[in-house]
Amino acid sequence: MSVHQIRKRAVLPPIICRSDKEFLESMQRYIITETERLGCNEEGPADEYYIIYRNVFDKVIEHVTAYKSVLTSIKKEYDAFIETIKKGRRTAFCLHGKLKGLAAEPTALVYHRKRTIQLEAKMKIIENNSSKIQSQIDQIKQSRAAYDTKEVKYCTFSKDPSKPIPGMTLQESMNLDALTKYMKHLEDKYAEIKQAMLIKYVPAQRKSDLDEEMIVLLKRRDVAENLNRKLQFCHQRLQIISQALTSWVKSDMSSPFRDFVEQIQKTKYLQGDQGIVEELMEDDPNRAKEAEIMLHYIERFNELISLGEYEKAACYAANSPRRILRNIGTMNTFKAVGKIRGKPLPLLLFFEALFITSHAFRCPVDAALTLEGIKCGLSEKRLDLVINWVTQQRLTFSEEAGDVICDYGEQDTYNKAKCLALAQIIYSECGLHKKAILCLCKQGQTHRVMEYIQQFKDFTTDAVESLMINDSFCSTERWQEVANICSQNGFDKLSNDIMSILRSQAAVTEISEEDDAVNLMEHVFW
């Protein structure tokens with residue numbers, strides 16, 4: 001039953017008696033007052049409405065006399081109905097929770113089964129590892145037991161008096177003088193062995209003592225270096241002041257002494273002694289500590305190499321402070337390792353790490369390392385790495401690097417076009433325009449050749465002539481095609497230069513379309 005139905009049922013029939021009318025009005029005021037006081041509205045909460053109207057029922061039953069029994073029975077039905085509604089709500093709430101739990105059971109079951117499989121796999125791995133470790137422990141115990149048994153047997157055998165003395169015959173073992181002489185020989189040999197042990201071997205405690213002495217000496221060295229640096233700084237400062245004072249005394253001393261000091265500082269700076277001037281301004285006591293850190297860095301790198309962790313060593317060297325390991329010496333270290341079966345080439349790992357981190361340093365990788373890296377990548381058939389290095393990383397190109405890529409393209413005809421494009425990039429960066437144009441000609445990119453020649457102002461007629469004469473790849477017909485394209489695109493001067501060079505060559509005339517595969521250099525071989 002809704003609240004509105006309860007309200008309709010709670011409305012009393014018209015009563016003629018004035019007291020009843022006043023009572024009804026007081027009940028209505030009571031309902032309105034309690035509703036406003038509790039903050040109830042039409043939407044709820046319903047419990048406060050039930051309490052208000054139940055109190056109204058009780059007051060009505062107390063007020064009337066004729067219908068008391070009827071109203072009492074209605075009041076009981078009202079209370080029972082309200083309890084039924086509340087019980088139904090509680091039951092619906094519980095059923096809703098159970099329904100959600102039942103709906104989530106399949107998903108939870110799937111997760112539990114999956115977790116069970118994972119835990120069983122981990123248990124199998126742990127059991128296998130445990131069995132391996134246990135077998136190793138058993139083997140070690142057996143080897144120790146066998147060693148102890150052999151040692152006991154050896155001691156028993158050496159002390160057996162029934163056996164003859166090693167190194168002596170039976171007659172000599174019965175002679176007192178021979179026994180004395182042999183005993184003296186054994187004593188001398190024992191003293192010699194004992195002396196050799198003192199010289200050749202050092203106790204473990206001695207190593208710890210040497211380590212402590214090393215620490216003390218390193219501290220003394222650090223103190224001496226700091227003192228030496230301070231004294232050098234003072235000496236240099238006094239030297240500059242002395243020179244300034246001498247110059248100031250020789251002059252008329254009309255200018256301030258400070259101006260002479262500044263002049264000496266500028267002179268030192270121009271002579272390339274910038275470090276002295278900077279040290280005059282600031283004395284940095286952390287350089288010895290920095291050297292110690294670098295020494296530790298190098299030792300750690302050598303340790304990784306000795307352990308065979310070449311990939312870590314390559315990354316360690318590439319990210320070394322002040323680029324102390326980004327040099328030819330480190331490259332030779334990786335090169336000396338050689339190839340390892342089933343693993344990447346350590347030298348290639350070094351160059352990968354070196355070139356990938358090239359953007360992290362202000363200076364690009366030098367030309368020697370760039371050349372060696374390109375050779376290494378091509379020797380391992382990793383043209384993809386070389387393409388990435390040339391196009392994306394900060395390297396120092398050289399003519400030799402371009403030549404190496406061109407030679408590789410001649411051997412690998414499938415990737416020849418890629419190699420020529422890479423070599424053209426390198427030659428252009430190095431300012432080797434003739435070789436760059438030759439690479440374009442080999443690719444058949446006539447339009448780009450024309451644009452390239454027109455782009456660079458230093459490409460004079462003498463340079464074009466030298467390029468054409470030394471070109472052993474493009475035929476005369478191809479150069480005529482270049483001249484025609486230049487004429488069609490408005491580059492008349494360049495077209496005329498090319499045609500005049502073609503005509504000026506001995507025994508060379510304009511080539512007709514019927515003559516095919518004629519090379520400009522044929523006259524050289526006649």
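Each chain carries its own residue numbering, running from 1 in the written order of its sequence. Owing to the predicted nature of the model, reporting of local features is limited to residues with pLDDT of at least 70; listing and counting of side-chain atom pairs is limited to 80 or more, with chain, interface and lining totals taken over all residues. Only hydrogens and water are set aside; all other atoms, that is, all heavy atoms of the structure, feed into the side-chain values.

Participant: Quick one: what's the story with the overall build of the protein chain, residue by residue and with numbers?
Facilitator: Secondary structure is summarised from DSSP: a helix means a run of H or I of at least four residues, a strand means a run of E of at least two, and numbering begins at the N terminus for each. Each helix and strand counted, the protein chain has 22 helices and 0 strands in total. Within the protein chain, the proportion of its 526 residues that are buried is 27%. Surface accessibility follows the Shrake-Rupley procedure with a 1.4 Å probe radius. Residue values consider only the protein chains on display as shielding. Carbon and sulfur atoms provide 57% of the accessible area of the protein chain, an area that totals close to 37,200 Å². Burial status follows relative accessibility: with a 1.4 Å probe on protein chains alone, a residue under 20% of its type maximum counts as buried, one over 50% as exposed, and anything between as partly exposed.

Participant: Go over the confidence of the model for the protein chain with me, naming the residues and quoting the values.
Facilitator: The predicted coordinates of low-pLDDT regions are not to be read in fine detail. pLDDT: the predictor's confidence for each residue, scored from 0 to 100. With 74% of its residues at a pLDDT of 70 or more, the protein chain has an overall mean of 76. Across the protein chain, the secondary-structure element scoring lowest on mean pLDDT is helix α9 (residues 274–281), at 44, and the one scoring highest is helix α14 (residues 367–379), at 92. Every residue in residues 269–285 is under pLDDT 50, and counting partners more than four places away or in other chains gives 22 contacts. By definition in these notes, contact holds between two residues if any of their heavy atoms fall within 4.5 Å.

Participant: A description of the environment of Gln 443 should follow, citing residues and the corresponding values.
Facilitator: Checked against the element boundaries, Gln 443 lands in the loop between α18 (433–442) and α19 (446–455). Put simply, Gln 443 and Ala 417 are 26 residues apart on the chain and 6.5 Å apart in space, counted from C-alpha to C-alpha. In contact with Gln 443, not counting residues within four places along its chain, are Ala 417, Leu 420 and Ala 421.

Participant: How would you summarise the packing of aromatic side chains if you had to cite specific residues and measurements?
Facilitator: Note on aromatic pairs: each is described by the distance of the centres and the angle between the planes. The pairing test for Phe, Tyr and Trp rings, Trp by its six-membered ring, is centres within 6.5 Å, and the orientation test on the planes gives stacked under 30 degrees, edge-to-face over 60, and tilted for anything in between. This model, assessed by the stated rule, comprises 7 aromatic pairs. Ring geometry for Phe 301 against Phe 334: centres 5.9 Å apart, planes inclined by 55 degrees, an arrangement best described as tilted. With Phe 301 in helix α10 (residues 287–307) and Phe 334 in helix α12 (residues 328–337), this pair connects stretches of sequence that are 33 residues apart. Note on accessibility: Phe 301 and Phe 334 belong to one class, buried. Measuring from ring centre to ring centre gives 5.1 Å for Phe 334 and Phe 350, while their planes differ by 20 degrees; the resulting arrangement is stacked. Taken as a pair, Phe 334 in helix α12 and Phe 350 in helix α13 (residues 346–356) lie far apart in primary sequence, 16 residues in all.

Participant: Describe the packing of α14 against helix α16 (residues 399–411), and please don't skip the residues or the numbers.
Facilitator: Their axes nearest at 9 Å, the elements α14 and α16 cross at an angle of 10 degrees. With respect to α16, the element α14 is oriented roughly parallel. Every pair of crossing elements has a handedness; the one defined by α14 and α16 is right-handed. Residues Leu 371, Ile 374, Lys 375 and Leu 378 of α14 touch α16, and the partners they reach there are Glu 400, Ala 401, Val 404, Ile 405 and Tyr 408. Broken down by class, the residue content of the contact of α14 with α16 amounts to 7 nonpolar, no polar and 2 charged. Axis lines are fitted through C-alpha atoms, for helices just across the contact stretch, and the angle between N-to-C directions can take any value from 0 to 180 degrees. In what follows, roughly perpendicular refers to angles from 65 to 115 degrees, roughly parallel to angles under 35, roughly antiparallel to angles over 145, and oblique to any angle outside these ranges. Rotating anticlockwise by less than a right angle from the far helix to the near helix defines a left-handed crossing, while the corresponding clockwise rotation defines a right-handed one. Classification used: nonpolar for Ala, Val, Leu, Ile, Met, Phe, Trp, Tyr, Cys and Pro, charged for Asp, Glu, Lys and Arg, polar for all others including Gly.

Participant: Give me α14: which residues, what numbers.
Facilitator: Expected helix span is taken as 1.5 Å per residue step, with the number of steps being one fewer than the number of residues. Here α14 contains 13 residues, and its C-alpha end-to-end distance of 18 Å stays within 8% of the 18 Å for a straight helix at 1.5 Å per residue. When we look at burial in α14, the residues that qualify are Leu 369, Thr 370, Leu 371, Gly 373, Ile 374, Cys 376, Gly 377 and Leu 378. Taken together, the buried residues of α14 touch α12, α13, α15 (383–392) and α16. Polar contacts here mean pairs of N or O atoms no more than 3.5 Å apart (in protein, one a potential hydrogen donor and the other a potential acceptor; neighbouring residues in sequence count only if both atoms are side-chain atoms). N-capping of α14 is provided by Asp 366, with a side-chain oxygen placed 3.4 Å from the backbone N of Ala 368. Immediately downstream of α14, the backbone of Lys 381 shows phi near 60 degrees, a positive value.

Participant: Could you give an account of the nonpolar core, with specific residues and numbers?
Facilitator: Only buried Ala, Val, Leu, Ile, Met, Phe, Trp, Tyr and Cys residues count toward a nonpolar core, and they belong to the same one when joined by side-chain atoms within 4.5 Å. Core analysis: the largest hydrophobic core is formed by 41 residues, its most contacted members being Phe 334, Phe 350, Phe 351 and Val 386. Ranked by the residues each element gives to this core, the list is headed by α13, at 8 residues. Excluding residues that lie within four positions of it along the chain, Val 386 makes contacts with Ile 374, Gly 377, Leu 378, Ile 405 and Leu 422. One finds Phe 23, Tyr 50, Val 56 and Val 60 within the second-largest nonpolar core, a separate group that totals 14 residues.

Participant: Report on unusual backbone geometry, specifying residues and quantitative values.
Facilitator: The phi dihedral of Lys 381 falls on the positive side, at around 60 degrees, and the residue is not glycine. With respect to the helices and strands, Lys 381 occurs in the loop between α14 and α15. You can call Lys 381 exposed: its relative accessible area is 62%.

Participant: How would you summarise the pattern of salt bridges if you had to cite specific residues and measurements?
Facilitator: Oppositely charged side chains can pair when the atoms bearing their charge come close. We count a salt bridge whenever a side-chain nitrogen from Lys or Arg sits within 4 Å of a carboxyl oxygen from Asp or Glu. All told, the structure shown has 13 salt bridges when counted by the stated rule. Here Lys 75 ties to Asp 79 by a salt bridge, and the two come within 2.7 Å at their closest N and O atoms. Here Lys 75 and its partner Asp 79 are both found in helix α4 (residues 68–158), 4 residues apart, which amounts to about one turn of the helix. With a shortest N-O distance of 3.8 Å, Glu 225 and Arg 221 are connected by a salt bridge. Of this pair, Glu 225 and Arg 221 both sit in helix α7 (residues 204–250), 4 residues apart, roughly one helical turn. Connected via shared salt-bridge partners are Asp 58, Lys 75 and Asp 79.

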